[in-house]
Every structure is written in structure tokens, then in C-alpha cells.
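The lines below spell out each chain.
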Amino acid sequence: MSWDYHIHSDYSDSDQTLKQILNQARQRNLEAIALTDHDCVEGALQAAKLSPDLEIVLGVEVSAQDEQGRPIHVLGYDFDPEAVHLRRLCHKTLLQQQERSMWQIEQLQRAGYPITVEEVIERLGHSMWIYKQHIMDVLTEKGIAESLHGDFYRKTFKNGGICERAILFPSVQEAMEAIHADHGLAVLAHPGLSGCIEQIWKWKDLGLDGIETGHSSHSFSQVMRLHEIAMALGLIETAGSDNHGRYGNEPPIGTISWKGDRLCRRKKN
């Protein structure tokens with residue numbers, strides 16, 4: 001069996017609709033996919049309704065941070081559809097994100113860049129929230145930025161630029177607790193990319209269920225090391241494209257996939 005356990009839709013920070021994603025998954029003969037939008041479960045719930053032939057694993061990518069304040073992403077899988085605890089936790093993040101996005105647009109306007117809130121909202125697709133990709137899409141279309149993730153983005157939204165502003169994310173433990181409270185599985189996303197491989201042992205003790213071994217950012221040596229860690233700690237292993245459509249630089253859906261048994265839900269007490 002072949003699965004892609006990490007895909008984003010236009011319910012968060014991808015430009016691809018659920019229909020486009022499902023069609024690509026079928027073309028690549030995937031047997032199941034997981035929609036893992038950032039801090040949002042609505043895309044996964046809707047995909048499950050739209051696809052009677054392709055199995056949809058409910059997923060979400062929770063934005064969190066470690067004790068040093070570094071961003072860490074925790075994937076939640078196969079949780080209760082109501083997702084009461086996940087919705088509550090993620091809503092706090094999304095409110096902060098929306099406030100930051102509006103502030104970023106204002107900062108750009110003050111700096112003389114011709115951009116309006118209305119132009120950004122036109123890019124949202126099914127999302128109810130503004131992500132930085134929506135802002136950058138407007139700037140790129142107008143020729144202000146050379147690309148979505150190029151020099152303008154790095155100088156403006158990173159490295160002390162006028163649009164850089166931190167958000168207080170929940171801790172990794174809080175993210176895992178919300179996933180478990182909704183009877184789901186907590187999997188550490190792309191630990192190589194996040195630079196948190198050495199913390200896996202600590203989070204395992206706090207309830208981590210698995211790690212994303214396969215990711216386009218992982219080198220072969222990282223994949224092998226993560227596999228060894230998973231085997232030693234009894235952790236689930238997953239893999240996925242992390243595809244964001246044209247809003248990202250990741251490989252196409254299904255090109256990084258997991259071949260093995262389906263994720264098994266584990267009820268949490």
C-alpha cells in the first residue's frame with residue numbers, strides 16, 4: 001500500500017483545492033492520503049466527504065514551539081471528527097496569525113508597497129485565515145517580489161525585516177495533549193528540517209506516538225537515523241510530500257509516500 005501522509009490544501013496555506021488534490025492522488029495510484037493543513041481540520045473533514053473511493057486519514061499540522069522558542073510542528077492523525085481540543089488549541093494560534101497578517105499588510109502599506117487587504121483576501125480560497133503565502137502571492141503577481149520564497153521574502157518577513165513578528169505557539173507537550181484528548185496520534189513533523197532530532201527521546205517520554213521519517217528536506221543519512229530511532233523507541237514512522245501546490249517548493253503529491261500498514265488509531269485514556 002502507498003500513502004501520502006502530509007498534504008496541504010487551500011483551507012490553509014496551499015493554493016490547491018481538495019478536488020485537485022484528490023485527482024492527483026488518484027493519478028498516482030495512492031490508496032490513502034492525509035490532509036494536514038496548518039492548525040485547521042476543516043479541509044480534512046471536507047475531503048473525507050468528497051472521496052468515497054480514496055481513503056482520507058484525518059490530519060492536522062499543529063504549530064508549536066520547544067522550550068527554546070524554536071518552531072516545531074506536530075502532526076495529528078486519525079482524531080475524533082469533532083476535534084474539540086484541537087480546534088480550541090489551534091484557534092488561539094489562528095487568531096494571533098490573523099492579527100499578525102493584518103499588521104504585516106499595514107507595515108507593507110506604510111513602506112509604500114501597493115497592497116490592500118481586499119487583494120489578499122481574494123487569494124484565500126477556502127481558508128478563513130490569511131497566511132503569509134497569500135500576502136506574498138499578491139506581491140509576486142505585482143512584480144514587487146521576485147518569487148514567493150526569494151530574497152524579498154527573506155529580507156521582509158525574516159531576518160529582522162519590517163514584517164517579522166513572532167507568535168506565541170503552544171508547547172510540543174500541549175500540542176500532543178490536544179491530539180491525544182481527541183483520541184488521535186501525535187507524530188513529529190520533519191524533525192531533520194526542524195533541527196529537533198535530539199529531543200525525540202524527551203517527547204517520547206511525554207507521549208509522542210511517531211516521527212515523520214520520510215520528508216523531502218531529509219537527507220538519506222537523516223532518514224536512516226530517524227528509522228533507527230523509531231525502531232529503538234517503538235515509534236510509528238510516516239512519510240509525505242508536504243505539498244503546498246505552487247505556494248511551496250515541495251515535490252508533487254505521492255512522490256514521497258509511505259509503503260506499509262495503515263496508521264492504526266490508538267485510543268488514549
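Per chain, residue numbering runs from 1 following the sequence as it is written. For a predicted model such as this one, the threshold for reporting local features is a pLDDT of at least 70, and the threshold for listing and counting side-chain atom pairs is 80 or more; totals across whole chains, interfaces and linings nevertheless cover every residue. Side-chain metrics rest on all non-hydrogen atoms present in the structure, leaving aside hydrogens and water.

1. Observations regarding the pattern of salt bridges
Part 1: Any carboxyl oxygen of Asp or Glu within 4 Å of a side-chain nitrogen of Lys or Arg constitutes a salt bridge here. Applying the stated criterion to the full structure yields 13 salt bridges.
Part 2: Asp-53 is paired through a salt bridge with Arg-26; the nearest N and O atoms lie 2.8 Å apart. You can see Asp-53 sitting in the loop between α2 (42-50) and β3 (55-65) and its partner Arg-26 sitting in helix α1 (residues 18-27), a full 27 residues away along the chain.
Part 3: Each residue gets one of three labels from its accessible area relative to the maximum for its type: buried under 20%, exposed over 50%, partly exposed in between, using a 1.4 Å probe on protein chains only. A relative accessible area of 55% means that Asp-53 is categorised as exposed.
Part 4: When its relative accessible area of 30% is taken as the criterion, Arg-26 is described as partly exposed.
Part 5: The partner of Glu-42 in a salt bridge is Arg-87, and the shortest N-O contact between them spans 2.2 Å. Here the residue Glu-42 occupies a position in helix α2, and Arg-87 occupies one in helix α3 (residues 84-110), the gap between them amounting to 45 residues.
Part 6: In this structure Glu-42 comes out as partly exposed when scored by relative accessible area, which is 29%.
Part 7: Residues joined in a network through salt bridges with shared partners are Asp-15, Arg-123, Asp-137, Glu-141 and Arg-246. Comment: elements are numbered from the N terminus, with helices defined as DSSP H or I runs of at least four residues and strands as E runs of at least two.

2. Topic: empty space enclosed by the protein
Part 1: A 1.4 Å probe that fits but cannot get out identifies a cavity on a 1 Å grid over protein atoms alone, an open set with protein on both sides within 12 Å along at least five of seven lines counts as a pocket, and a residue lines either if it has an atom within 4 Å of a point. Grid points are joined across faces, edges and corners, and a volume is the space filled by probe spheres set on the points. According to the stated counting rule, one finds one cavity of 30 Å³ or more in the structure shown.
Part 2: Size it by volume and the largest cavity reaches roughly 30 Å³.
Part 3: If you go around the largest cavity, the residues you meet are Lys-132, Gln-133, Met-136, Leu-148, His-149 and Tyr-153.
Part 4: Top contributing element to the lining of the largest cavity by residue count: helix α5 (residues 132-141), with three residues.
Part 5: When the residues that make up the lining of the largest cavity are grouped by side-chain class, the tally is three nonpolar, two polar and one charged. As a working rule, the residues Ala, Val, Leu, Ile, Met, Phe, Trp, Tyr, Cys and Pro are called nonpolar, Asp, Glu, Lys and Arg charged, and the rest polar, with Gly in that last group.

3. Observations concerning α1
Part 1: Where α1 is concerned, the buried positions are Leu-18, Ile-21, Leu-22 and Ala-25. Relative to the axis of α1, the buried residues are bounded by an arc of 95° and lie together on one face. Exposed residues lying more than 90 degrees from the buried face of α1 are Lys-19 and Gln-27.
Part 2: Any pair of residues with heavy atoms lying within 4.5 Å of one another is described as a contacting pair. Contacts from the buried residues of α1 go to β1 (2-7), β2 (32-35), α2 and β3.
Part 3: Following α1 by one or two positions, Asn-29 has its phi on the positive side, about 60°. Directions drawn from the helix axis to the C-beta atoms are what define this arc.

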